[in-house]
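Inside the fold
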Amino acid sequence: MAAEDHQLRGCHQLMFLPRCAVLMQYGGGDEMRQGESILPLSLHPSAIPTELRQSVSDSVVGVLKMRAEGAFDATTARHIPEEWDADACEWEAALSICAMPPSEKDWANLYFHGWLFSELAQSTPQPGAAQRFPLIGVWEPRGGLSVWSEDERGTVRSALRPADQHIHKVDAYAGGDRESTIALYIESGYDRETAEAVLTADEADCDTYHVGADAARGRVSPGAQESWGWVACVDMEGSKVQICLMVVLSSELEAGGLFRRLSFSEKSAAEARAELASCLVDTCLHPELTELLNDVLCAGAH
């Protein structure tokens, strides 16, 4: 998806968000920037390194201990169960090749909305809001990728932290009704005709959804040509885990153009992974990254 001030026109638009990690820069309301999702791709579950899976599981245990000790506020704690069974969860692996949002900032939020709320895209009636506090963390960051350690909005290296991930429908009445909202406009100096015209315009946007929040920040150096690392998202309420290899490419790299030209719409996931692996020799990426991509793309092929 091209970089843009981000909002969703209808909850069904969630189906167009990649079902993996994406980079956003939260600004509140519709002041949102999303980095281009160049190539999202599901991986075979065996692409997850055994030691990484164990480290993620151990980190969940640490979060549960913190919850029991009262480390989280009431809202966050409600979204974290007292117990968790790693073997009862569905473990997924994904690849997210993306770009930084178009700004001079050196940070971005890790968003998993397309994966967390994918079932809402087909729901009827559409929800007014949905919120989860999955556990998100970064493992083995390389290049210009690192964690944000300044405050609680940040990610933690090789550990998980609860992160607010939500969607909410724009409410033209701000929790009230039409007449009370018109009255507020009139009190602020509008005549009734103008107040009704403004409200009618607001009502036209009532199928718009905003996404948030300013959580799960990671740092990505704007000058880095290529950055990568494993990003884990544990959805304890949905009993599922995604381990995503995130690769952030500079707009100057020719590899980005090569990945954009690939089309997998009529191919199976296995066929898409095989084709992408065959193209790696032409990308001129960092040798360590090339080797890692080849390993994860070929996992489960035999």
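Source: prediction; values computed, not measured.

Some thoughts on the side chain of Glu226
- Summarising the element assignment, Glu226 is placed in strand β14 (residues 226–235).
- The charged side chain of Glu226 is buried without a salt bridge, its nearest counter-charge being Arg142 at 12 Å.
- Engagement of the side chain of Glu226 in a polar contact is seen with the backbone nitrogen of His286, the distance being 3.1 Å.
- Leave out the neighbours within four places in its chain, and Glu226 touches Gly143, Gly144, Val248, Leu249, Leu253, Leu285, His286 and Leu289.

Overview of the nonpolar core
- Core analysis: the biggest nonpolar cluster contains 51 residues, and Trp84, Leu95 and Phe259 have the highest contact counts within it.
- The residues contacting Trp84, other than those within four sequence positions of it, are Ser57, Val60, Leu64, Cys89, Trp91, Val234, Met236 and Val241.
- Core analysis: the second largest hydrophobic core is formed by 32 residues, Met32, Ala94, Leu120 and Cys233 among them.

Some remarks on the state of the cysteines
- Summed over all chains, the structure comprises zero disulfides.
- Not engaged in a disulfide, the cysteine Cys20 finds its nearest cysteine sulfur in Cys244; these two sulfurs lie 4.9 Å apart.
- Cys20 sits in the buried class, given a relative accessible area of 2%.

Concerning the sheet that holds strand β6 (residues 107–111)
- In space, the five strands of this open sheet follow the order β3-β2-β6-β13-β9, with antiparallel pairing throughout. Strands with a single pairing partner mark the edges of an open sheet, and in this sheet they are β3 (33–34) and β9 (145–147).

Here's the deal with the packing of helix α7 (residues 269–279) against helix α8 (residues 287–298)
- Where α7 meets α8, the axes come as close as 9 Å, and the angle between the chain directions of the two elements is 155 degrees. Viewed along their axes, α7 and α8 adopt a mutual orientation that is roughly antiparallel. Remark: the crossing between α7 and α8 carries left-handed chirality. On the side of α7, the interface is formed by Arg273, Leu276 and Ala277, while α8 contributes Asn294, Leu297 and Cys298.
- Split into classes, the residues belonging to the contact of α7 with α8 amount to four nonpolar, one polar and one charged.

Some details on the packing of helix α4 (residues 178–187) against helix α5 (residues 192–203)
- Interhelical geometry of α4 versus α5 gives an angle of 125 degrees and a closest axis separation of 9 Å. As summarised for this structure, α4 and α5 are arranged oblique, according to the angle between their axes. Viewed along their axes, α4 and α5 form a crossing whose handedness is right-handed. Residues Arg178, Glu179, Thr181, Ile182, Tyr185 and Ile186 of α4 form the contact with α5, whose participating residues are Arg192, Ala195, Glu196, Val198, Leu199, Thr200, Asp202 and Glu203.
- Within the contact of α4 with α5, the residues separate by chemical class into six nonpolar, two polar and six charged.

Thresholds applied
- Residues numbered from 1 in each chain as written.
- Predicted model: local features only at pLDDT ≥ 70, side-chain atom pairs only at ≥ 80, totals over all residues.
- Heavy atoms only, no water.
- Helix = DSSP H or I, 4+ residues; strand = E, 2+ residues; numbered from the N terminus.
- Buried < 20%, exposed > 50% of the residue type's maximum accessible area, 1.4 Å probe, protein only.
- Lys, Arg positive; Asp, Glu negative; His and termini not counted.
- Salt bridge = Lys/Arg side-chain N within 4 Å of Asp/Glu carboxyl O.
- Polar contact = N/O pair within 3.5 Å; in protein donor to acceptor, adjacent residues only side chain to side chain.
- Contact = heavy atoms within 4.5 Å.
- Core = buried A, V, L, I, M, F, W, Y, C linked by side-chain atoms within 4.5 Å.
- Disulfide = S-S within 2.5 Å.
- Pairing = 2+ DSSP bridges.
- Axes fitted to C-alpha atoms, helices over the stretch in contact; angles between N-to-C directions.
- Parallel < 35°, antiparallel > 145°, perpendicular 65-115°, else oblique.
- Left-handed = near helix turned anticlockwise from the far one by under 90°.
- Nonpolar A, V, L, I, M, F, W, Y, C, P; charged D, E, K, R; others polar.

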